[in-house]
Each structure stands twice: as structure tokens, then as C-alpha cells.
Amino acid sequence: MNESLARDPDYLVPLTLKGEILRRYGRLQEVVETMRHALEIAPDDISSLNVMAQTLRTLSSYEELSKISARLVELTPESLFAWDSYACALRGLGRFDEATIAIEHVLELDPTNVRYMMIKADNLYRLGRYREAVSASESALRLDEEYPPARRIHEKAMRAMYQQKRKKK
């Protein structure tokens, strides 16, 4: 691979493979540099975008992840990974309205995933939409009644909803 890149540093296949190998070895900054180069050559290369998104998620680099995953969503609208990465980036940036829309797409692709349903409930809770958060957390609990994060968000949303009602009176 390195010999191939020495002959042609812009050869996309070994660049992407190098990024994937570096990622598996935990050399994440090198992956970012390698994938940036790959994406300069081919900005819409799905493999390079996927490796970059995985790496940026690990690094919690949400601003850049939001751009990379938005592009992935455009190119692969049926990709669970693309939508999940986009929702993760938006949550990391505190953009919960947009993250809620993205998680809806995730749930269309994987409607029985309790974790995604709980993330939806948490987004709604953070937006102060407590009644909707209760409903989403109840849906998560129907999928897995023992899932602790769904129980916690359900309890928090119920408390907040009733406190909100008391303040209105």
C-alpha cells in the first residue's frame, strides 16, 4: 500500500485502505489527514466519507462530522450509519431540533431499536417538549421495559411535565 502511494500519492483505493488500517490501530489524527487528502481527490467517495465519519465520531469532532455526515446522507439516504452519524453530530453541537429530525430518519430505517427511540425522547426532553418525550420514552419501554436510559428519561420527562403544569396554574 505504501509503495503504491509512493508511486501515486493520489491513488484513492490505497488511501482509503490506509485510513481504515490507521483507524483500527487508533492513529486517528493520521486517519483524518489521510482522509482529508482522499476527499480532496474524490469528495463524494462513500468509502472515504465513511472512514472519516467513523474517525470523527471517535474524536468527538462534531462540527466536521456534521459536514461529512450531511454529505453521506445526501449520497446514501438509506444508510443507517449516515443518518446515525448526522444525528450524533447534531446532538454533539446542541442542535436538538435538527437532531430530532435526523433521528426520525434513523427510526424509519430501524424502527425497533430501543436506543434510537430513547435518543429521540432525550432530544425532545432537552427541547422542553416533555409530553412528546414521555410518549417517545414509553415507546422505547415497550420495546424493552428494562432499558435503564429509557426509564430515566421517562421519569425525568414525567416530573418536568407535571412541574410545568403546576407553574401554569
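Residues numbered from 1 in each chain as written. Predicted model: local features only at pLDDT ≥ 70, side-chain atom pairs only at ≥ 80, totals over all residues. Heavy atoms only, no water.

## Focus: the overall build of the chain
We count it as follows: Each helix is a run of DSSP H or I of at least 4 residues and each strand a run of E of at least 2, with the numbering of both proceeding from the N terminus. Values of the radius of gyration come from C-alpha atoms, whereas the globule rule sets the reference at 2.2 Å times the count of residues to the power 0.38. Only protein chains enter the calculation, and the probe is 1.4 Å; a residue is then buried if its accessible area is under 20% of its type maximum, exposed if over 50%, and partly exposed in between. Should any heavy atoms of two residues lie within 4.5 Å, those residues are counted as being in contact. Using the Shrake-Rupley algorithm and a 1.4 Å probe, accessible areas are obtained, with residue cover drawn only from the displayed protein chains. Here Asp and Glu are counted as negative and Lys and Arg as positive; His is not counted, and neither are the chain ends. Charged side chains are reduced to one point each, which is NZ for Lys, CZ for Arg, CG for Asp and CD for Glu.
Within the chain, the regular secondary structure consists of ten helices and zero strands. Moving toward the C terminus, one meets the helices and strands of the chain in the order α-α-α-α-α-α-α-α-α-α. Here the C-alpha radius of gyration of the chain, 20 Å, is well above what a compact globule of 169 residues would show, namely 15 Å. With the C-alpha coordinates of the chain rotated into their principal frame, the extents come out at 75 × 30 × 25 Å. Counting every position in the chain, which comprises 169 residues, the buried fraction comes to 42%. The long-range fraction of contacts in the chain, counting pairs at least 24 apart against all pairs at least 6 apart in sequence, stands at 47%. Surface accessibility of the chain: about 9,600 Å² in total, with carbon and sulfur atoms responsible for 49%. One finds the centroid of the 26 positive side-chain charges in the chain at a distance of 11 Å from the centroid of its 26 negative side-chain charges.

## Observations regarding the environment of E108
Examined against the element boundaries, E108 turns out to sit in helix α7 (residues 96-109). Between the C-alpha atoms of E108 and E78, which are 30 residues apart in sequence, the distance is 9.5 Å.

## Describing helix α10 (residues 148-168)
Residue pairs three or four apart in sequence face the same way in an α-helix, which turns once every 3.6 residues. Selection criterion: Helices are assigned an expected span. That span is 1.5 Å times one less than the residue count. Arc definition: it is the arc formed by the directions from the helix axis to the C-beta atoms.
Between its terminal C-alpha atoms α10 stretches 31 Å, which fits the 30 Å expected from 21 residues at 1.5 Å a residue. Residues of α10 that are buried include every one of A150, I153, H154, A157, A160 and M161, and no others. Here the buried residues of α10 occupy an arc of 140° about the axis, which is enough to place them on one side. Exposed side chains of α10 directed beyond 90 degrees from the buried face belong to R166 and K167.

## Focus on the packing of aromatic side chains
This is how the line gets drawn: Two rings belonging to Phe, Tyr or Trp (six-membered ring only in the last case) form a pair when the distance between their centres is within 6.5 Å. Interplanar angles under 30 degrees mark stacking, angles over 60 mark edge-to-face geometry, and anything in between is tilted.
Under the counting rule described, the total for this entry stands at two aromatic pairs. Between W83 and Y86 the ring centres are 6.3 Å apart and the planes differ by 65°, which places this aromatic pair in the edge-to-face class. You can see W83 and its partner Y86 sitting in helix α6 (residues 80-92), three residues apart, about one turn around the helix.

## Looking at the packing of helix α8 (residues 114-126) against α10
What counts here: Axis lines are fitted through C-alpha atoms, for helices just across the contact stretch, and the angle between N-to-C directions can take any value from 0 to 180 degrees. Should an angle lie under 35 degrees it is considered roughly parallel, over 145 roughly antiparallel, and from 65 to 115 roughly perpendicular; all remaining angles are considered oblique. By convention, the crossing between two helices is left-handed when the near helix turns anticlockwise from the far helix through less than a right angle, and right-handed when the turn is clockwise. For this scheme, ten residues count as nonpolar: Ala, Val, Leu, Ile, Met, Phe, Trp, Tyr, Cys and Pro. Four count as charged, namely Asp, Glu, Lys and Arg, and the remainder, Gly too, count as polar.
Contact geometry of α8 with α10 gives a least axis separation of 10 Å together with a crossing angle of 25°. Classified by the angle between their axes, α8 and α10 sit roughly parallel to one another. Along this stretch, α8 crosses α10, giving a crossing that reads as left-handed. Contact residues: α8 offers M118, A121, D122 and Y125, while α10 offers P149, A150, I153, K156, A157 and A160. Each residue belonging to the contact of α8 with α10 can be placed in one class, and the counts come to eight nonpolar, no polar and two charged.

## Here's the deal with the side chain of H154
For H154, the location among the structural elements is in helix α10. Apart from residues no more than four positions distant in its own chain, H154 is found in contact with V134, S137, E138 and L141.

## Details of unusual backbone geometry
The phi torsion at S60 lies on the positive side, around 55°, for a residue other than glycine. Along the chain, the position of S60 falls in the loop between α4 (46-59) and α5 (62-75). On the basis of relative accessibility, which here comes to 40%, the residue S60 falls in the partly exposed class.

## A closer look at the side chain of S85
Inclusion rule: Side-chain atoms alone can form a polar contact between residues adjacent in sequence; in general such a contact is a pair of N or O atoms within 3.5 Å, and within protein one must be able to donate a hydrogen while the other accepts it.
Structurally, S85 can be placed in helix α6. Polar side-chain contacts of S85 include one of 3.2 Å to the side chain of R57. Once residues lying within four places of it in the same chain are set aside, the contact partners of S85 are A53, R57, L65 and S69.

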